[in-house]
Amino acid sequence: MRALYLRFFLEKDHQIPKSNSELEYNNLKTLYIFSPNLNIVYKESRWEFTATENLKLAKTFFIDKNKYLFKFIRK
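Notes on the structure follow.

Conventions adopted
- Residues numbered from 1 in each chain as written.
- Predicted model: local features only at pLDDT ≥ 70, side-chain atom pairs only at ≥ 80, totals over all residues.
- Heavy atoms only, no water.
- Core = buried A, V, L, I, M, F, W, Y, C linked by side-chain atoms within 4.5 Å.
- Buried < 20%, exposed > 50% of the residue type's maximum accessible area, 1.4 Å probe, protein only.
- Helix = DSSP H or I, 4+ residues; strand = E, 2+ residues; numbered from the N terminus.
- Contact = heavy atoms within 4.5 Å.
- Pairing = 2+ DSSP bridges.
- Phe/Tyr/Trp six-rings, centres within 6.5 Å; stacked < 30°, edge-to-face > 60°.
- Axes fitted to C-alpha atoms, helices over the stretch in contact; angles between N-to-C directions.

### Topic: the nonpolar core
Link 1 in the chain: Counting residues in hydrophobic clusters, the biggest one holds 8 residues: Leu 28, Leu 31, Ile 33, Val 41, Phe 49, Leu 55, Phe 70 and Phe 72.
Link 2 in the chain: For this core, the elements supplying multiple residues, two or more each, are strand E1 (30-35) and strand E3 (67-74).
Link 3 in the chain: Not counting the four nearest positions on each side in its chain, Ile 33 is found in contact with Val 41, Arg 46, Phe 49, Tyr 68, Leu 69, Phe 70 and Phe 72.

Dropping the structure here:
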C-alpha cells in the first residue's frame, strides 16, 4: 500500500477560525505541494491547489529523485 497524499495544515495565527472542510481553505497565502513533478500538480487539479485562486509558483525544493516540494504563493 502506498500513500497517495500527505496533508499538513500549518496555522501560525490561532485567531484564524477553524474550517469545517478542505473546500473552505480558499484564502491561503502560501501552499506547499509535495509531488514527483510540477506537471502532475497541474494535471491532477488537487483541491489544495484549486481551492485558492491566483496561486503562483514561488520556489521549487529538490528533495530526492522524483521528489519535489513546490511553494506557491497567492498573487
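### Some thoughts on the pairing of E1
Link 1 in the chain: Of the two faces of E1, the one holding Leu 31, Ile 33 and Ser 35 is buried and the one holding Thr 30, Tyr 32 and Phe 34 is not buried anywhere.
Link 2 in the chain: Two elements, E1 and E3, share 6 bridges in a ladder whose sense is antiparallel. Opposite Thr 30, over in E3, you have Ile 73 as the bridge partner.

### Overview of the packing of aromatic side chains
Link 1 in the chain: With the rule as written, the count across this model stands at 3 aromatic pairs.
Link 2 in the chain: Ring centres of Tyr 68 and Phe 70 lie 5.9 Å apart, and the angle between their planes is 25 degrees; on these two criteria the pair is classed as stacked.
Link 3 in the chain: The exposure class of Phe 70 is buried, given its relative accessible area of 4%.

### Overview of unusual backbone geometry
Link 1 in the chain: Positive phi outside glycine occurs at Asn 54, with the angle close to 65 degrees.
Link 2 in the chain: Structurally, Asn 54 is set in the loop between helix H2 (47-50) and strand E2 (55-64).
Link 3 in the chain: Notably, Asn 66 is not glycine yet its phi reads approximately 60 degrees, a positive angle.
Link 4 in the chain: The residue Asn 66 is located in the loop between E2 and E3 in this model.

### Regarding the sheet that holds E3
Link 1 in the chain: Spatially, the 3 strands line up as an open sheet ordered E1-E3-E2, and their pairing is antiparallel. Here the strands that pair on one side only, and so sit at the sheet edges, are E1 and E2. Put simply, the sheet's adjacent strands are angled 20 degrees from each other on average, direction ignored.
Link 2 in the chain: Across 8 bridges, the pairing between E2 and E3 is antiparallel. For Phe 61, the partnering residue across the bridge sits in E3 and is Leu 69.

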